[in-house]
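Remarks on the overall topology
Single-letter residue listing:
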Amino acid sequence: MSADAVIVGAGFAGLYALYKLRGLGLETVAIERGEGVGGTWYWNRYPGARCDIESAYYSYSFSDELQDEWDWTEKYATQPEILAYLQHVADRFDLVRDIRFAEEVLSAEYDEASARWRVTTTKARIDCRFVVFATGCLSVPKSPEIPGLADFAGDLLRTHEWPTHVPDLAGRRVGLIGTGSSGIQVAPLLAEQAGHLTVFQRTANFSVPAHNAPLDPVEWARTKGNYRALRERSRWSASGSVPLDIEPVPALSVSEQERTSRYEERWRIGGMKFLQVFGDIYTDRAANDTAADFVRAKIADIVEDPRVARMLMPTDHPIGTKRICTDTDYYRMFNRPDVALVDVRDDPIVRIDVNGVVTDSGPHPLDVLVLATGFDAMTGALLKIDIRGRDGTRLRDHWSEGPVSYLGIAISGFPNLFMITGPGSPSVISNMVTSIEQHVDWIAEHIRFLDTHAVAASEALPDAELEWVAHVRDQAEATLYGEAASWYVGANVPGKPRVFMPYVGGVGTYRARCDEIAAEGYRGFALR
Ligand code: FAD
Ligand code: N01
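Okay, so let's go over this structure. (Residues numbered from 1 in each chain as written. Chains lettered and ligands numbered in written order. Predicted model: local features only at pLDDT ≥ 70, side-chain atom pairs only at ≥ 80, totals over all residues. Heavy atoms only, no water.)

Further remarks concern the site of ligand 1. In the region of ligand 1, 33 residues are neighbours, and Glu32, Thr40, Asp52, Tyr58 and Met432 sit closest. Between ligand 1 and Trp41 there is a distance of 3.5 Å, counted from an oxygen atom to a side-chain nitrogen or oxygen. Between ligand 1 and the protein, one listed contact pairs an oxygen atom with a backbone N or O atom of Asp52 at 2.6 Å. Across the complex, the protein chains shield 95% of the 980 Å² of accessible surface that ligand 1 would expose by itself. Looking at the shell around ligand 1, the elements with two or more residues in it are α1 (12-23), α2 (40-43) and α14 (432-452). If one sorts the elements of the shell around ligand 1 by residue count, α2 sits on top with 3 residues. A class-by-class count of the residues in the shell around ligand 1 yields 17 nonpolar, 10 polar and 6 charged. (Near = heavy atom within 4 Å. Polar contact = N/O pair within 3.5 Å; in protein donor to acceptor, adjacent residues only side chain to side chain. Areas by Shrake-Rupley, 256 points an atom, 1.4 Å probe, with all protein chains shown as cover. Helix = DSSP H or I, 4+ residues; strand = E, 2+ residues; numbered from the N terminus. Nonpolar A, V, L, I, M, F, W, Y, C, P; charged D, E, K, R; others polar.)

Dropping the structure here:
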């Protein structure tokens with residue numbers, strides 16, 4: 001079969017791309033591995049899964065009607081509510097008819113003579129002019145490298161592929177490996193349901209309370225009344241969401257008392273904005289230490305057993321250089337008599353066997369084991385697909401020393417291929433829905449430009465790519481991000497090249513750069 005454009009993925013990015021490209025009059029088909037729309041919110045159905053950007057902003061802004069008719073119920077929406085929203089979007093804009101579900105894209109090969117891509121899926125071959133990868137930054141789960149995982153005789157659950165029929169946890173011994181955002185969200189709910197919960201922690205993470213609550217109807221009406229202006233501010237903000245943006249004041253420019261009171265105020269508000277209280281948290285280690293110390297003191301206050309509190313205090317990375325977690329009662333959970341914490345740096349996991357997890361100090365028998373062990377982030381989904389560009393160049397080779405791209409959108413040697421929230425764009429450092437909309441709008445305008453100028457193929461120039469990669473690296477090097485062994489640098493995947501992947505210069509700055517490049521007739525692209 002043939003189409004003008006193939007989109008891979010039907011999450012926030014794929015759905016909007018389908019809407020937008022169809023609006024250009026392109027015959028467009030989307031391919032999705034899952035059996036429904038939603039992407040992240042289709043797969044991650046674990047108890048406690050919810051967004052950490054306020055629902056009012058973690059949603060599309062492209063349609064005033066959609067925005068007006070949808071009401072969120074909580075400050076941070078749950079996974080079922082976000083999934084219902086995305087299903088509503090798919091129905092409302094009649095998107096489903098052009099999505100092929102339960103189908104995986106295996107390869108994409110470019111033919112220079114015809115300037116067309118051949119996309120091969122598990123079910124079909126599709127010949128198309130444009131291919132848009134909306135495959136997600138966090139869509140390829142990563143299993144832990146622990147021997148014996150397959151031997152475990154109990155129930156093995158993964159946060160990323162949480163089953164619809166969950167075994168009853170009541171009275172059972174549950175183990176959890178992984179204390180990133182997913183682990184920290186799911187743990188308190190596991191503790192409530194299980195007979196006993198053992199948390200296996202390798203690296204302590206910083207977490208701030210979400211203070212989730214039902215949306216206040218008066219405040220929600222006020223937000224909706226002013227939605228267009230608020231969205232416009234989000235688009236030009238550093239993080240892609242409002243209302244509390246980064247305060248420019250340096251942390252050490254105010255007295256200790258003032259600093260503590262500002263941290264207290266942000267802690268009371270809760271959520272990711274905690275780190276936006278001073279302008280230099282991400283760039284100055286001494287400033288960063290003040291925020292990290294504040295959170296460590298909070299852990300000491302909340303957790304009754306001082307030994308457990310110490311184990312929970314992160315010391316190996318500046319706060320914020322790994323994605324900060326937001327939680328509901330995570331630290332408090334460790335005061336329960338039926339919850340245990342095992343620090344697997346002190347007491348390493350030796351293997352998993354039929355009965356449970358075996359650490360240096362002995363066996364931990366379990367009925368259920370939950371894995372929240374993260375993702376092969378940002379490049380995983382793209383490199384799983386055999387993508388071959390001009391002259392048969394393989395993306396896996398082009399990226400053998402880490403991902404390179406122009407703007408995180410295009411790749412030299414791969415004409416008419418676009419990535420949404422690719423490495424080199426703000427993506428995971430930002431409110432992803434804002435970044436997704438910006439990318440899709442930009443790509444659609446680019447395609448419109450190609451058509452109005454009778455250009456068959458557009459390809460990022462190698463120099464523009466190199467320059468952009470250097471710019472992304474320089475931006476990151478001006479911050480503390482490099483001090484953490486995070487998934488932002490691929491440190492969680494053995495053998496993955498260590499390259500800081502997201503663009504940290506800010507959503508608004510990035511948007512201005514993209515707009516400027518477009519206004520200059522797509523500087524940095526070869527248009528043939
Ligand atoms: P995804 O939602 O990941 O969708 C990609 C889709 O592509 C998937 O459905 C996948 O099955 C499909 N796919 C991939 N490869 C193929 C292939 N080869 N063939 C066919 N289909 C394929 N971001 C925020 O900004 N705020 C948040 O609060 C937030 N919370 C999160 C919570 C969780 C639990 C997780 C895991 C991530 C969270 N994120 C958050 C990041 C989140 O991934 C993005 O916000 C957003 O949902 C990404 O949308 P997407 O469409 O780009 O990718
Ligand atoms: O994954 P992670 P995640 N033995 O990589 C541990 C978004 N998100 O799914 O740190 C023992 O953060 C690993 O330990 P270490 C958000 O962007 C958002 O939780 O490598 N432990 C770590 O503790 C987030 O950042 C929300 O030492 C092992 C954990 O597993 C991103 O998704 C919710 C191990 C993995 O943590 C990823 O979060 C969920 C091993 N062999 C996700 N292997 C919101 O709240 C791995 N670990 C909005």
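Another aspect to go through is unusual backbone geometry. Although it is not a glycine, Asp94 sits at a positive phi angle of roughly 55 degrees. The topology assignment puts Asp94 in the loop between α4 (79-92) and β3 (99-100). Its identity as a non-glycine residue notwithstanding, Asp391 has a phi of 55 degrees, on the positive side. You can call Asp391 exposed: its relative accessible area is 65%. (Buried < 20%, exposed > 50% of the residue type's maximum accessible area, 1.4 Å probe, protein only.)

Moving on, we come to the environment of Lys75. Counting through the fold element by element, Lys75 comes out in the loop between α3 (64-69) and α4. For Lys75, a relative accessible area of 17% translates into the label buried. C-alpha of Lys75 to C-alpha of Ser55: the two residues are 20 residues apart in sequence and 5.9 Å apart in space. Residues in contact with Lys75, not counting those within four places in the same chain, are Glu54, Ser55, Ala210, His211, Asn212, Ala213, Leu215 and Ile269. (Contact = heavy atoms within 4.5 Å.)

Moving on, we come to the sheet that holds strand β15 (residues 362-365). Taking strand neighbours across the sheet as the criterion, the 3 strands line up as β13-β14-β15 in an open arrangement whose pairing is antiparallel. Both edges of this open sheet fall to β13 (349-353) and β15, since each of them pairs with a single strand only. Averaged over all pairs of adjacent strands, the angle between strand axes in this sheet comes to 25 degrees, irrespective of strand direction. Sheet topology note: the β13/strand β14 (residues 356-359) ladder contains 4 bridges and is antiparallel. The residue of β14 that forms the bridge with Ile349 is Thr359. (Pairing = 2+ DSSP bridges. Axes fitted to C-alpha atoms, helices over the stretch in contact; angles between N-to-C directions.)

This part takes up the sheet that holds strand β8 (residues 173-177). The 5 strands lie next to each other as β7-β16-β8-β9-β12, forming an open sheet whose pairing is parallel. Each having just a single partner strand, β7 (155-158) and β12 (339-343) make up the two edges of the open sheet. Here the average twist between neighbouring strands, direction ignored, is 20 degrees. Note that strand β9 (residues 196-201) and β12 share 5 bridges and pair parallel.

This part covers the nonpolar core. In terms of nonpolar packing, the biggest core is built from 67 residues, with Phe12, Tyr60 and Trp442 touching the most fellow members. Sort the elements by how many residues they give to this core and α14 lands first, with 8 residues. Look past the residues within four positions of Tyr60 in its chain and what remains in contact with it is Gly11, Phe12, Leu15, Tyr16, Leu66, Gln67, Tyr85, Leu86, Val89, Arg231, Val433 and Glu437. If you look at the next biggest cluster of nonpolar residues, it comprises 52 residues, including Met272, Ala292, Met313 and Ala372. (Core = buried A, V, L, I, M, F, W, Y, C linked by side-chain atoms within 4.5 Å.)

A pair of packed helices can be characterised by two numbers: the angle between their axes and the separation between those axes. Packing of helix α7 (residues 227-236) against helix α16 (residues 507-519) leaves a shortest axis separation of 6 Å and a crossing angle of 80 degrees. With respect to their mutual orientation, α7 and α16 come out roughly perpendicular. Two secondary-structure elements touch here, α7 through Ser234, Arg235 and Trp236 and α16 through Val507, Gly508, Arg511, Ala512 and Asp515. Tallied by class, residues from the contact of α7 with α16 come to 3 nonpolar, 2 polar and 3 charged. (Parallel < 35°, antiparallel > 145°, perpendicular 65-115°, else oblique.)

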